[in-house]
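Chain by chain, the residues:
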Amino acid sequence: MKLLPAAETVAVMLNHMTDITSSTHFSLKSGDAVALAVNNLGGTSVLELYVVVKEAIAYLESRGVVVEQVYSGALITSLEMAGVSLTLLHLDDSRRRCLNQETAAPGWPRQSWLSSYSSPQPIPAPASTTYTRLSTETAACLSEGGEKAFRRALLHACRALSQCDQQLNDLDCRSGDGDCGSTIRRGAQAVIEAISSDRLPLDTPSQALIDIGHIAEDTMGGASGGLYSLLLSGAAQALVEDVSPKAWVHALKAGMETLSKYGRAEVGDRTMLDSLDAAYKVLVKLLSDSHADPVEVYQQAVEAAESMARQTAHMQAKAGRASYVSKDQVKEPDPGAYAVSIWLRASYEAVKLGV
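Computed from a predicted structure; not experimentally measured. (Residues numbered from 1 in each chain as written. Predicted model: local features only at pLDDT ≥ 70, side-chain atom pairs only at ≥ 80, totals over all residues. Heavy atoms only, no water.)

Caption draft 1: Layout of the packing of helix 5 (residues 165-175) against helix 6 (residues 180-196). Two elements in contact, helix 5 and helix 6, have axes separated by 6 Å at closest approach and are oriented at 145 degrees. Contact residues: Asp165, Leu168, Asn169 and Asp172 in helix 5; Cys180, Gly181, Ser182, Ile184 and Arg185 in helix 6. Across the contact of helix 5 with helix 6, the residue classes tally to three nonpolar, three polar and three charged. (Axes fitted to C-alpha atoms, helices over the stretch in contact; angles between N-to-C directions. Helix = DSSP H or I, 4+ residues; strand = E, 2+ residues; numbered from the N terminus. Contact = heavy atoms within 4.5 Å. Nonpolar A, V, L, I, M, F, W, Y, C, P; charged D, E, K, R; others polar.)

The structure is reproduced here in structure tokens:
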């Protein structure tokens, strides 16, 4: 039999079980109340198992059957066989009482879905999403020229990321899902749209970064959206009282610390943190040398990030999807680290245009 979609596979299984031409068929008619058990034979993922659960309930209800209780899990396995089995049981008061008794059997699911699962009540979407807002009266603001530079840097960075989506996807194919570029492109285009419609308070970087973090989380999806949200929300806290070049260096460090803390990654793990850390180590010159030219130091930081992004090709992945792939198979730069070098280079070019 050829491979079929989950819905068709479930239909084949249940039609066979209830085929009245078979002497061992399960008698099933409209109005019957049943318990359904969806068994993982050992090698089926939880996600795939729940897809089968959903399709089995939908099929039975389409035949007028009342699915009162549903059990799923690795009940009877065949080593690590990929597949599922379906079991139906007619319910009466006695069986309901027995099924709902406490048991110490380690393989039996402790909970089941009741019939209310079959008729979910729709939850209305909120009219609007409430995001964290800082007090605009106390948060540090940029000068008119600073705001224009910030806008220019954001636009250049987002456009560069949008243009490099396929390149990032190709890198991600070696060690991930192959969608890093597409994911980042969605976030970048959403930020461009927000800037174009004046929905970002670019005069107040701390609030702007928080808002961009929310945009990343809402539009990017996957791990990347959450990671960029962590980075930006952490960085925002360092810009509440000061928006000088030195404050931006502190913001980068704060963002990295937040990302590391909640993203469970460290410098050296072959992630975006490696490129960010390489840039930060150069940018700290601004904190110790009062005569350093911020633009020149920024250029050196970008070059350091680009160099580190290339070096990730020779690093052992210790975090993210790449950590599950053999080192021998991962010979290209980390797409996350490479993406950081792209937006750093683009933002530097934007800053240089205004000098």
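Caption draft 2: Here's a closer look at the pattern of salt bridges. All told, the structure shown has twelve salt bridges when counted by the stated rule. Among the ionic pairs, lysine 29 bridges to aspartate 32, the shortest N-O distance being 3.2 Å. Looking at aspartate 32, the relative accessible area reads 11%, which means it is buried. The partner of arginine 345 in a salt bridge is glutamate 306, and the shortest N-O contact between them spans 2.9 Å. Taken together, the residues span a long stretch of sequence, with arginine 345 in helix 13 (residues 335-353) and glutamate 306 in helix 12 (residues 294-311) at a distance of 39 residues. A single salt-bridge network, built from bridges that share partners, covers Glu306, Arg345, Glu349 and Lys352. (Salt bridge = Lys/Arg side-chain N within 4 Å of Asp/Glu carboxyl O. Buried < 20%, exposed > 50% of the residue type's maximum accessible area, 1.4 Å probe, protein only.)

Caption draft 3: Looking closely at helix 13. Compared with an ideal rise of 1.5 Å per residue, which puts 19 residues at 27 Å, helix 13 spans 27 Å between its outermost C-alpha atoms and is within 8% of the ideal. The distance from a side-chain oxygen at the start of helix 13 to the backbone nitrogen of glycine 336 is 3.1 Å, and the residue carrying that oxygen is aspartate 334. (Expected span 1.5 Å × (residues − 1). Polar contact = N/O pair within 3.5 Å; in protein donor to acceptor, adjacent residues only side chain to side chain.)

Caption draft 4: Up close: the packing of helix 5 against helix 13. Contact pair helix 5 / helix 13: the axes reach a minimum separation of 9 Å and the direction vectors enclose 160 degrees. Between helix 5 and helix 13, the angle falls in the class roughly antiparallel. Relative to helix 13, helix 5 is oriented so that their crossing is right-handed. Residues Gln167, Leu168, Leu171, Asp172 and Ser175 of helix 5 form the contact with helix 13, whose own contacting residues are Pro335, Tyr338, Ala339 and Ile342. Here the residues of the contact of helix 5 with helix 13 sort into six nonpolar, two polar and one charged. (Parallel < 35°, antiparallel > 145°, perpendicular 65-115°, else oblique. Left-handed = near helix turned anticlockwise from the far one by under 90°.)

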